[in-house]
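Read off the chains here:
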Amino acid sequence: MMNEKVINYIESITRKRSPLLKEMEHFAEENNVPIMELVGIEALLGILSIQQPSRILEIGTAIGYSALRMAEALPGTEITTIERDEERFGAAKDYLTRSEHGSRIHALFGDALELQEEVKKHGPYDAIFIDAAKGQYQKFFDLYSTMLTKDGVVYSDNVLFKGLVAEEEVEQKRIRNLVKKLKKYNEWLMNHEEYETSILPVGDGIAISRKRGNKSEQA
Ligand SMILES: C[S@@+](CC[C@H](N)C(=O)[O-])C[C@H]1O[C@@H](n2cnc3c(N)ncnc32)[C@H](O)[C@@H]1O
């Protein structure tokens, strides 16, 4: 992972965010809401702006920060996003109505493992962004990758979990269990027959999984 100096340097030269986004960053910090790290979201936005997805599914809205950043960076893109925490969902709804980009974001309240019908109505998706309960990534992937378009991509955040996946020993039991699950997910993903995956060591680690057998590979 990158060292703090480099992270600070990148943060110091990234483009300015709107007052609303700054307010959200502040709210997240004050209320311990885990939103994507600045360098991580910048990298994701860069890749998404090359991919130019028409529709994105996000699992894990929190207060709507990453959804709004994606909507702002991709002016024609529709985003469907899911959150199960009522308070965070309420905050997200408020923030989304305050942004000119909020009308392209469908925020759904509920557990992502139970919302397939509703999610399907807004699909299919060119990109799926998984940023929710770390122990359930494989379930999210299995459930929603069926709604991807042919050249669709799944982006999974937190796959390096602050670098803990590379540690031999993790003291805290709850964290140790999560690390175990994420490592299992990473290995499962890397060996997936239908997807080609690369892991970027930016932010908290982002896995990029592209369907195999696309035109570019057959050429
Ligand atoms: C890391 S935060 C999302 C941050 C957001 N993507 C951002 O960067 O602005 C993860 C969120 O996923 C939600 N979540 C976790 N498991 C979920 C599930 N099964 N269904 C819906 N939401 C879930 C949590 O309540 C939490 O608010």
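Refer to the structure printed above.
Procedures and definitions
Residues numbered from 1 in each chain as written. Predicted model: local features only at pLDDT ≥ 70, side-chain atom pairs only at ≥ 80, totals over all residues. Helix = DSSP H or I, 4+ residues; strand = E, 2+ residues; numbered from the N terminus. Rg over C-alpha atoms; globule rule 2.2 N^0.38 Å. Contact = placed C-beta atoms within 7 Å. Buried ≥ 20, exposed ≤ 12 C-beta atoms within 10 Å, placed from the backbone. Near = placed C-beta within 6 Å. Nonpolar A, V, L, I, M, F, W, Y, C, P; charged D, E, K, R; others polar. Pairing = 2+ DSSP bridges. Core = buried A, V, L, I, M, F, W, Y, C linked by C-beta atoms within 7 Å. Axes fitted to C-alpha atoms, helices over the stretch in contact; angles between N-to-C directions. Parallel < 35°, antiparallel > 145°, perpendicular 65-115°, else oblique. Left-handed = near helix turned anticlockwise from the far one by under 90°.

## Remarks on the overall build of the protein chain
Argument step 1. Looking only at helices and strands, the protein chain features nine helices and seven strands.
Argument step 2. Taking 17 Å as the expected radius of gyration for a compact globule of 219 residues, we find that the protein chain reaches 17 Å, a close match to that expectation.
Argument step 3. Reported as C-alpha extents along the three principal axes, the dimensions of the protein chain are approximately 45 × 40 × 35 Å.
Argument step 4. Residue pairs in contact within the protein chain that sit at least 24 positions apart in sequence constitute 68% of those at least 6 positions apart.

## Remarks on the environment of T14
Argument step 1. You can see T14 is positioned in the loop between α1 (4-13) and α2 (19-30).
Argument step 2. With 13 C-beta atoms counted inside 10 Å, the residue T14 sits in the partly exposed group.
Argument step 3. Sequence-wise, T14 and L38 are 24 residues apart; in three dimensions their C-alpha atoms are separated by 8.7 Å.
Argument step 4. Apart from the residues within four sequence positions on either side, T14 is in contact with L38 and E42.

## Focus: the site of the ligand
Argument step 1. Taken together, 19 residues surround the ligand, and among them M36, G60, Y65, S66 and A133 come closest.
Argument step 2. When contributions to the shell around the ligand are tallied by element, the ones reaching two or more residues are α4 (65-73) and β2 (78-83).
Argument step 3. For the shell around the ligand, the residue count by class is ten nonpolar, three polar and six charged.

## A short note on the pairing of strand β7 (residues 206-211)
Argument step 1. Sheet analysis places strand β5 (residues 148-157) next to β7, joined by five bridges and oriented antiparallel. Note on β7: the bridge partner recorded for V153 is R210.
Argument step 2. From the end of strand β6 (residues 195-200) to the start of β7, which pair antiparallel, there are five residues, and G203 there has a positive phi angle of about 55 degrees.

## Notes on the nonpolar core
Argument step 1. The biggest cluster of nonpolar side chains holds 49 residues, and the ones touching the most others in it are I63, A127, I128, I130 and F140.
Argument step 2. Among all residues touching I128, those that are not within four sequence positions of it are L57, Y144, S145, L148 and V154.

## Quick notes on the packing of helix α3 (residues 38-51) against α4
Argument step 1. At a minimum axis distance of 10 Å, the contact between α3 and α4 shows a crossing angle of 40 degrees. If you check the angle between α3 and α4, you find them oblique. In terms of crossing hand, the pair formed by α3 and α4 is right-handed. On α4, the residues that touch I41, L45, L48 and S49 of α3 are S66, R69, M70 and A73.
Argument step 2. Tallied by class, the residues present in the contact of α3 with α4 amount to five nonpolar, two polar and one charged.

## Describing the environment of L21
Argument step 1. Mapped onto the elements of the fold, L21 is located in helix α2.
Argument step 2. With 16 C-beta atoms counted inside 10 Å, the residue L21 sits in the partly exposed group.
Argument step 3. Considered as a pair, L21 and T77 are 56 residues apart in the sequence and their alpha carbons are 19 Å apart.
Argument step 4. Not counting chain neighbours up to four residues away, the residues in contact with L21 comprise L68 and R69.

## Describing the sheet that holds β7
Argument step 1. Taken in spatial order, the seven strands of this open sheet run β3-β2-β1-β4-β5-β7-β6, and their pairing is mixed. In this open sheet, the two strands that pair with only one neighbour each are β3 (105-109) and β6. Averaged over all pairs of adjacent strands, the angle between their axes in this sheet comes to 15 degrees, without regard to strand direction.
Argument step 2. Pairing geometry for β6 and β7, over six bridges, is antiparallel. When the bridges of β7 are listed, L200 appears paired with I206.
Argument step 3. Packing against the sheet, α3 makes contact with β4 (125-130), β5, β6 and β7, and its axis sits at approximately 20 degrees to β7.
Argument step 4. Across the sheet, helix α5 (residues 86-98) lies against β2 and β3, angled at about 160 degrees from β3, the strand it touches most.

Such coordinate-based values are descriptive only and should not be taken to indicate function.
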